[in-house]
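# Per-entry structural report
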Amino acid sequence: MRYWLMKSEPSKRNLDDLAAMPNQTIAWDRVRNYQSRNFMRHQMRLGDQVFFYHSCCAQPGIVGLAEVVTLAYPDATQFDRDNRYYDPKATPENPRWFNVEIKLIKRTRLVTIKELRQYPELNKMKILQVRNRLSITPIDPAEWKFILEIC
DNA sequence: GCCAACGTTGGC
DNA sequence: GCCAACGTTGGC
């Protein structure tokens, strides 16, 4: 089993949205970055554990715990001409973008990026590196355990 | 295959 | 709103 941190701007997709979904499960679609896509497509497995993170907001940080409940499949928004995430180069025969679905396990307290930066145990975390822009990053088991205990 | 231009990201 | 970083694009 692997551990991940998945980032989203709350104005686009937030923890309340996830909690309000049927079965508290949401498609992690609209990812248009190859590295993040590849994590979903090639590395995520059923049961992988996920920290749900809010970015680009007043209080960026971890807000919940979730689980990967589907393997990656083609992202429907890439085929929809009216969608802002439409990709003219993608076809159903040859899709470019993929998404998994994640299910809420529980909300956590807000663990802000500011707080995360204070723990030496976490100073290698990708999310804490300067100007990190990857929306999906792997988390070390030791880091996962540490954060789980404080959240 | 290079690389300049451009667009996006995200903490502050 | 700023701005540094960096991924993507496309002309050559």
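Heads up: the structure comes first, above all this text.
Residues numbered from 1 in each chain as written. Chains lettered and ligands numbered in written order. Predicted model: local features only at pLDDT ≥ 70, side-chain atom pairs only at ≥ 80, totals over all residues. Heavy atoms only, no water.

So, about the overall build of chain A. For chain A, the count of helices and strands is four helices and six strands. Reading the secondary structure of chain A in the N-to-C direction produces β-α-β-α-β-β-β-α-β-α. Expressed as lengths along the three principal axes of its C-alpha atoms, the size of chain A is roughly 45 × 30 × 30 Å. Within chain A, the proportion of its 151 residues that are buried is 47%. (Helix = DSSP H or I, 4+ residues; strand = E, 2+ residues; numbered from the N terminus. Buried < 20%, exposed > 50% of the residue type's maximum accessible area, 1.4 Å probe, protein only.)

Considered for burial, the residues of helix 2 (residues 34-43) that qualify are Ser36, Arg37, Phe39 and Met40. End-on, the buried residues of helix 2 take up no more than an arc of 155°, which puts them together on one face. Tucked inside the fold, the buried residues of helix 2 contact strand 1 (3-8), strand 4 (61-74), strand 5 (98-112) and strand 6 (136-139). (Arc of directions from axis to C-beta. Contact = heavy atoms within 4.5 Å.)

What follows deals with the pairing of strand 1. Burial runs high along strand 1: six of the six residues are buried. On strand 1, burial covers both faces: Tyr3, Leu5 and Lys7 on one face and Trp4, Met6 and Ser8 on the other are all buried. Here six bridges tie strand 1 to strand 3 (residues 49-54), and the two strands are oriented parallel to one another. Within the sheet, the bridge partner assigned to Ser8 lies in strand 3 and is His54. Here four bridges tie strand 1 to strand 6, and the two strands are oriented antiparallel to one another. Directly across from Trp4, in strand 6, lies its bridge partner Pro138. (Pairing = 2+ DSSP bridges.)

Below, the discussion takes up the protein's contact with DNA strand C. In the region of DNA strand C, the neighbouring residues are Asn33, Tyr34, Lys89, Arg131 and Arg133. Near the protein, within 4 Å, the atoms of DNA strand C are sugar or phosphate in 61% of cases. Its residues assigned to classes, the surface near DNA strand C shows one nonpolar, one polar and three charged. (Near = heavy atom within 4 Å. Nonpolar A, V, L, I, M, F, W, Y, C, P; charged D, E, K, R; others polar.)

These figures capture arrangement, not role.
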